[in-house]
Amino acid sequence: MRQTSKNVSPFSNEVRNAYVIEHITDALLKLLRDKPVGDISISELCDLAGIGRASFYRNFESKEDILRRYINKIFKEWTNEADKKENRPLSELLGLLFAHFEKHRDFYRLLNERKLIYLLKDVIIGLCGPKPEQDKVEAYARAYVAYALYGWIEVWFERGMQETAEEIAGMFSERGL
């Protein structure tokens, strides 16, 4: 088909993709409230989002990819806040991190209820885990901290986020981690 002004979308690819990503994310979060991710079909997801399957596969490989992208998006808020001040003490950074989780409590509670909290591990490892250019001692030390932090986060979610962000950050700091 020859493209004309009548059959070409007035939106750029970037705008269309942003539309697809937003709507498919909203649809998945809505469906997750009622059933596990494995029980949600791509067709059902696309129908609720009002997009075609081709749009889904152009942007994502799996339903979990939708959640990973969303986690990375909301984590940017935390990294932007954390980067505002250099050389923050660890306790302050952890306070900001756990405050981020409190701010997005409903989302993280949903991830936990649906046994999808493991999706956070890659983000945590990416933030404070080992990097290829580090020497072995620093790499192992960073791995220890990253996995310990992930463990604390996972247990906090499992316990229903009973403690405040400040309490968790304080306990983490008290343990010398």
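Residues numbered from 1 in each chain as written. Predicted model: local features only at pLDDT ≥ 70, side-chain atom pairs only at ≥ 80, totals over all residues. Heavy atoms only, no water.

A. Highlighting the packing of helix α4 (residues 63-82) against helix α6 (residues 105-113). With their axes 12 Å apart at the nearest point, α4 and α6 run at an angle of 150 degrees to one another. Between α4 and α6, the angle is such that the two are roughly antiparallel. Note on packing geometry: the crossing formed by α4 with α6 is left-handed. Counting all contacts with α4, which are made through Leu67, Tyr70, Ile71, Ile74 and Phe75, the residues of α6 involved are Phe107, Tyr108 and Leu111. Among the residues forming the contact of α4 with α6, the class breakdown is eight nonpolar, no polar and no charged. (Axes fitted to C-alpha atoms, helices over the stretch in contact; angles between N-to-C directions. Helix = DSSP H or I, 4+ residues; strand = E, 2+ residues; numbered from the N terminus. Parallel < 35°, antiparallel > 145°, perpendicular 65-115°, else oblique. Left-handed = near helix turned anticlockwise from the far one by under 90°. Contact = heavy atoms within 4.5 Å. Nonpolar A, V, L, I, M, F, W, Y, C, P; charged D, E, K, R; others polar.)

B. Structural detail: the confidence of the model for the chain. On average, residues of the chain score 87 in pLDDT, and 90% of them reach the 70 mark or higher. Helix α2 (residues 42-49) holds the highest mean pLDDT among the elements of the chain, 97, whereas helix α9 (residues 165-174) holds the lowest, 79. Segment residues 1-8 is flagged for pLDDT under 50; beyond a separation of four residues in sequence, or across chains, it makes three contacts in the model. (pLDDT = per-residue confidence, 0-100.)

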